[in-house]
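Coordinates in review
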Amino acid sequence: MRDKMGRPIVVVTGSGLVTSLGAGKADNWKRLTAGESGIRAITRFSTETLKTKVAGTVDFVPVEPLSAPDLSERLAEIAIEEAITQARIGTRGNFPGPLFLAVAPIELEWPQRETLAKNSGANEAVGYDDLLRAAATGRFQPFHRRFVFGSVGEGLAEKFGTQGSPISLSTACASGASAIQLGLEAIRRGETDAALCVATDGSVNPESLIRFSLLSALSVQNEPPQAAAKPFAKNRDGFVMAEGAGALVLESYDAAVARGARIYGVVAGCGELADSFHRTRSSPDGKPIIGCVHNAIADAGLTPADIDYINAHGTGTPENDKMECLGLTAVLGERVKDVPISSNKSMIGHTLSAAGAVEAVITLMTLEEQRIPPTINYQVPDPAIPIDVVPNVARDARMRNAISNSFGFGGQNVSLVLAREPA
Amino acid sequence: MAEPNVAEPGRECWITGIGIVSCLGEGPDAHWQALDGGKAHRDAATYAPYIVHPLAPMSFDAQISKKGDQRQMEPWQRIGVYAAGLALDGAGVKGDAGILGRMDMIVAAGGGERDLAVDGAILTGLPKAPNADRFLNERLMNDLRPTLFLAQLSNLLAGNISIVHGVTGSSRTFMGEESAGVDAVRIALARIEAGQSDIALVGGAQNGERKEMLMLYEFGGFVLKGEFAPVWERGTHAGFALASMGAFLVLESAAHARARGAKPLARLAGVASTRSDRKPGAVTAALEALWRKLGPATGTSGMAVISGATGVAPATAEEHAFLGAHQLVVRATGTHIGHGVEPQFAMNIALAALAISRGHLFASADAGERPLDEALRSAVVTGVGHWRGEGLALVQAVGTG
């Protein structure tokens with residue numbers, strides 16, 4: 001079965017999810033539709049002197065030793081296990097397709113630097129010459145395997161037996177959507193019948209938090225933590241860092257049907273368009289966002305009138321939510337007031353590299369269940385953003401096609417069109 | 001593994017621009033003259049005992065006109081944005097907003113260039129701090145430059161190329177050492193051949209003059225120390241010499257290039273990649289499989305290999321034996337330009353395209369590398385990662401496929 005452009009239709013036959021609300025789609029769905037927040041006070045490290053003291057950390061997954069790549073890999077494993085189990089595809093340790101992995105850039109972290117410093121034999125001042133000397137002893141050989149950029153992808157490719165070279169990618173906060181896009185394109189090219197598209201982020205640590213804090217990107221409303229993420233509300237004051245992972249098994253419709261797989265949704269289209277205006281800010285005319293959403297709708301062979309729901313990027317920063325509303329208004333016209341536009345980030349925070357896939361999985365559940373999880377913490381409407389954010393309480397709705405938006409630093413914009421059934 | 005690429009008529013992929021900077025200088029002529037003359041430039045003193053290939057002295061102004069933009073970047077990003085600009089110039093699309101606005105981009109990137117002074121001061125102070133956690137938080141909050149984060153982020157090389165050169169059709173960044181560089185080119189090629197893209201900018205950059213980067217690879221004992229030797233002759237004294245370099249290619253469907261009157265340097269006929277487990281013999285088996293996939297006939301006349309061998313044992317020894325068994329004329333560029341990790345594959349494809357466009361292979365000062373006594377019509381480019389990932393590309397003179 002082919003789409004309007006004659007390309008193989010790409011369907012989702014399995015998906016998995018971990019967020020600060022819990023592991024697994026069932027538990028997450030229950031909590032998301034109940035309007036629960038996974039945001040809490042950070043206990044993983046001291047937040048003394050920090051402006052932001054809350055995050056959507058995943059604390060219920062034990063990882064020892066703890067580092068961003070270790071936790072990211074573990075979260076991805078949990079999401080992949082769920083997705084593969086649901087899809088009933090391949091055999092244990094042998095997935096019949098490539099891996100596309102969205103993961104945060106990896107680097108050595110402070111605990112390792114401190115270990116090296118202690119083992120360097122430096123007397124007074126410690127510098128990189130001392131760390132290099134410690135590295136040269138060969139005693140820290142595992143640090144290479146753990147902290148190269150391909151580290152998490154290598155571990156997942158090994159464990160799940162994906163085919164060929166695993167692709168690790170970063171398009172900042174759009175990474176998860178890019179991973180799905182790469183899988184979609186590979187299946188459309190006929191290179192493979194199946195792809196494992198995964199996005200993971202377990203990088204809530206002091207330096208990561210401080211980096212975003214120094215860019216004034218984070219909410220500083222620490223009390224109560226559950227109320228910190230306030231997408232589209234007038235009193236929104238930044239995003240809340242969070243962890244999680246999403247995994248999707250994509251297959252060509254024909255291959256899925258041939259093996260009798262159940263189809264849970266369709267990746268109908270994807271669009272992207274980079275913004276050359278500024279490293280962290282959107283072009284004030286909104287053109288890149290508008291073009292990105294238009295590209296996605298066109299790629300799906302649809303028109304804006306066919307879009308029934310939008311799973312917003314909706315970070316809760318003053319800038320993003322304003323620009324996203326501007327862009328969606330341009331695309332949807334008058335319908336912008338009628339089409340529900342909600343943000344999962346109000347409950348699970350911003351899962352950064354994972355967000356695009358985490359929210360795609362939730363969007364697919366939204367279509368399947370015909371029920372929209374709310375945008376919580378919406379107490380003070382912003383007159384400048386006159387849209388239906390599905391405030392505070394979940395709602396049933398009839399939906400065929402949805403858009404999931406992901407935008408990131410560096411001018412990254414990616415939109416996915418997800419559908420309940422093949423057109 | 002990717003299936004072999006079978007391009008429809010008009011969808012074959014041409015290399016219409018290359019942008020290269022390394023220790024040998026900038027641009028095609030500087031690289032050609034240095035390689036043909038057997039020149040190399042390396043620094044064994046600054047990071048002793050480690051040997052690095054430093055970037056040739058250069059001003060970035062010619063491709064990054066705003067000083068403000070330069071200040072927003074760390075060196076790895078500047079090198080990359082500069083090389084990308086050279087590639088766009090070479091392809092004749094620089095400043096062409098119509099084309100740049102729909103040009104796709106895949107960047108292979110590392111990142112994470114750190115402020116070594118801040119790190120050192122923190123590590124020095126931590127053991128003496130009465131409250132270590134508080135000390136770390138305070139120092140990071142006060143001493144990290146807010147914009148350093150953006151200069152570190154992997155995808156901000158692509159972001160800066162969008163800002164400085166206006167490439168905005170799409171922007172994707174692949175991470176994962178040498179494999180990222182191979183797969184960036186592979187995916188860009190596959191998209192063009194399948195009609196998903198008409199024109200793409202693909203490549204990467206590295207600043208190899210970084211202690212924290214030397215440290216990452218030294219954990220695994222992969223870095224060349226002490227005496228220099230050509231990559232094939234490092235034997236048990238193995239390792240790669242980290243290099244600063246930037247390399248970008250403009251890839252384009254033949255139809256798109258013809259329509260705008262662009263001349264190709266060469267055709268990119270295929271790229272294949274895989275991931276072996278690196279048990280003994282695994283690199284050899286991977287290269288055999290990739291070779292069969294790309295399909296260059298052994299004994300093809302006018303063919304050479306541009307090898308990305310790192311100098312790391314045992315991968316380089318396996319590659320050497322593999323190429324020897326195929327009786328191929330080989331040039332290992334790592335001896336001259338060092339190892340740039342992510343951009344190495346794009347660099348070697350650029351050098352292959354350059355040699356093919358000139359019709360002959362550059363000479364070699366390495367006694368083990370034979371001359372090619374005939375016109376160069378095609379080249380296989382190898383990219384065997386220092387630790388994981390194997391890739392091959394087939395570059396041909398246009399019209400010989």
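Definitions and limits used
- Every residue gets a number counted from 1 within its own chain, in the order that chain's sequence is written.
- Whichever chain is written first is A, and whichever ligand is written first is 1; the rest continue in order.
- Confidence filtering applies because this is a predicted model: local features only for residues at pLDDT of at least 70, side-chain atom pairs given and counted only at 80 or more, and all residues used for totals across whole chains, interfaces and linings.
- Runs of E in the DSSP output that reach at least two residues are strands. Runs of H or I that reach at least four are helices, and both are numbered from the N terminus.
- What the globule rule says is 2.2 Å times the number of residues to the power 0.38, and the radius of gyration is computed from C-alpha atoms.
- Working definition of a contact: two residues with C-beta atoms, positioned from the backbone, lying within 7 Å.
- Residues with at least 20 other C-beta atoms within 10 Å of their own are called buried, those with 12 or fewer are called exposed, and the rest are partly exposed. The C-beta atoms themselves are positioned from the backbone.
- Between any two strands, at least two bridges found by DSSP are needed for them to pair.
- For a helix, the expected span equals 1.5 Å multiplied by the residue count minus one.
- Note that the domain bounds were set by an automatic or database domain assignment.
- Note on definitions: angles span 0 to 180 degrees between N-to-C directions of axes, and those axes are lines fitted to C-alpha atoms, for helices only across the stretch in contact.
- When an angle is under 35 degrees it counts as roughly parallel; over 145 it counts as roughly antiparallel; between 65 and 115 it counts as roughly perpendicular; any other value is oblique.
- Note: crossing handedness is left-handed where the near helix turns anticlockwise from the far helix by less than a right angle, and right-handed where it turns clockwise.
- In this classification, Asp, Glu, Lys and Arg are treated as charged, Ala, Val, Leu, Ile, Met, Phe, Trp, Tyr, Cys and Pro as nonpolar, and every other residue, Gly included, as polar.
- When buried Ala, Val, Leu, Ile, Met, Phe, Trp, Tyr and Cys residues are joined through C-beta atoms within 7 Å, the set is termed a nonpolar core.
- Confidence of the predictor in every single residue is expressed as pLDDT, which spans 0 to 100.

**Examining the overall build of chain A**
Regarding its fold elements, chain A presents 13 helices and 15 strands. By the compact-globule yardstick of 22 Å for 423 residues, chain A fits well, its C-alpha radius of gyration being 21 Å. By its C-alpha atoms, chain A is 70 × 50 × 40 Å across when sized along the principal axes. Within chain A, residue pairs in contact and separated by at least 24 positions form 78% of the contacts whose partners lie at least 6 positions apart.

**Thoughts on the overall build of chain B**
Scanning chain B from terminus to terminus reveals 15 helices and 11 strands. Against the 2.2 N^0.38 benchmark of 21 Å for 401 residues, chain B shows a C-alpha radius of gyration of 21 Å, consistent with a compact globule. Here the C-alpha coordinates of chain B stretch approximately 70 × 50 × 35 Å along the principal axes. Counting over 401 residues, chain B shows a buried share of 62%. Taking the contacts inside chain B whose residues are at least 6 apart along the sequence as the reference set, 80% of them involve residues at least 24 apart.

**Focus on the interface of chain B and chain A**
Chain B puts 65 residues into the contact, and the matching count from chain A is 63 residues. Elements that contribute at least two residues to the side of chain B that touches chain A include exactly α5 (116-125), α6 (132-143), α7 (148-152), α8 (156-165), β4 (172-175), α9 (177-193), α10 (211-219) and β7 (266-274) of chain B. The element contributing the most residues to the side of chain B that touches chain A is α10(B), with 8 residues. Where strand β6 (residues 167-169) of chain A meets β4(B), 2 bridges bridge the pair, whose relative direction is antiparallel. In the sheet register, L169(A) faces β4(B), and the bridge partner there is F174(B).

**Observations concerning helix α10 (residues 287-299) of chain A**
Residues and elements named next belong to chain A. With 13 residues, α10 should reach 18 Å at 1.5 Å per residue; the first-to-last C-alpha distance of 18 Å fits that figure. α10 sits mainly inside the fold: 10 of its 13 residues count as buried. Looking one or two places after α10, you find G301, whose phi comes out positive at around 70°.

**Let's talk about the environment of P288(A)**
Tracing the backbone shows P288(A) in helix α10. The sequence separation of P288(A) and P142(A) amounts to 146 residues, and the corresponding C-alpha distance is 42 Å.

**A few points about the domain arrangement of chain A**
Examined at the domain level, chain A breaks down into domain 1 (10-106 + 148-410) and domain 2 (111-145). Its C-alpha centre places domain 1 of chain A at a distance of 37 Å from the equivalent point of domain 2 of chain A.

**Some words on the environment of G125(B)**
Mapped onto the elements of the fold, G125(B) is located in helix α5. Taking C-alpha positions, G125(B) is 8.1 Å from F135(B), a pair spaced 10 residues apart along the chain.

**Some words on the packing of helix α3 (residues 75-91) of chain B against α8(B)**
When two helices pack together, their arrangement is given by the angle between the helix axes and by the axis-to-axis distance. Residue and element names in this part refer to chain B. Orientation of α3 relative to α8, taken along the N-to-C sense of each, is 50°, at an axis distance of 9 Å. In terms of orientation, α3 lies oblique with respect to α8. Relative to α8, α3 is oriented so that their crossing is right-handed. The segment α3 lies against α8, with Q77, G80, V81, A84, G85 and L88 engaging L156, L157, N160, I161, V164 and H165. A class-by-class count of the residues in the contact of α3 with α8 yields 7 nonpolar, 5 polar and no charged.

**Topic: the pairing of β7(B)**
In summary, the side chains of a regular strand alternate between the two faces of the sheet. All names here are of chain B. Counting buried positions along β7 gives 9 out of 9 residues, so the element sits mostly inside the fold. For strand β1 (residues 13-22) and β7, the ladder comprises 3 bridges, and the chain directions are antiparallel. By the bridge assignment, I15 is partnered in β7 with A266. With 7 bridges joining them, β7 and strand β11 (residues 390-396) adopt antiparallel strand pairing. Residue pairing for β11: V271 is matched across the bridge by A393.

**Section: α8(B)**
With 10 of 10 residues buried, α8(B) is to be regarded as a mostly interior element. Count one or two residues on from α8(B) and you reach G166(B), which has phi positive near 80°.

**Section: the nonpolar core**
Grouped together as the largest cluster of nonpolar side chains are 289 residues, with contacts concentrated most on V198(A), A357(A), I349(B), A379(B) and V395(B). It is helix α15 (residues 344-358) of chain B that contributes the most residues to this core, 11 residues altogether. Looking at which domains feed residues into this core, each of domain 1 (10-106 + 148-410) and domain 2 (111-145) of chain A gives three or more. If we skip the residues at most four places from it in the chain, A379(B) touches M303(B), A304(B), V305(B), I306(B), A352(B), A355(B), I356(B) and V395(B).

**A closer look at the confidence of the model for chain B**
Detailed conclusions should not be drawn from predicted coordinates in areas where pLDDT is low. Of the residues in chain B, 97% reach a pLDDT of 70 or more, and the chain-wide mean stands at 94. Among the prediction metrics, the complex's ipTM stands at 0.98, with pTM recorded as 0.98.

**Some points on the pairing of strand β1 (residues 10-19) of chain A**
Residues and elements named next belong to chain A. Taking burial as the measure, the 10 residues of β1 include 10 buried ones, the bulk of the element. Of the pairings in the sheet, the one linking β1 to strand β8 (residues 244-252) comprises 9 bridges and is antiparallel in character. The residue bridging S15 from the neighbouring strand is L248, located in β8. As paired strands, β1 and strand β9 (residues 265-272) are joined by 2 bridges and run antiparallel to one another. Among the inter-strand pairings, V12 is bridged to a residue of β9, identified as G265. For β1 and strand β2 (residues 22-23), the ladder comprises 2 bridges, and the chain directions are antiparallel.

**Overview of unusual backbone geometry**
In the segment running from A48(B) into P49(B), the intervening peptide bond is cis, with an omega of 10°. By the secondary structure assignment, P49(B) is in the loop between α1 (27-36) and α2 (67-71). You will see that Q370(A), though not glycine, has its phi angle at about 55°, which is positive. Relative to the assigned elements, Q370(A) resides in the loop between α13 (355-369) and β12 (371-372). The class for Q370(A) is partly exposed, based on 13 C-beta atoms found within 10 Å.

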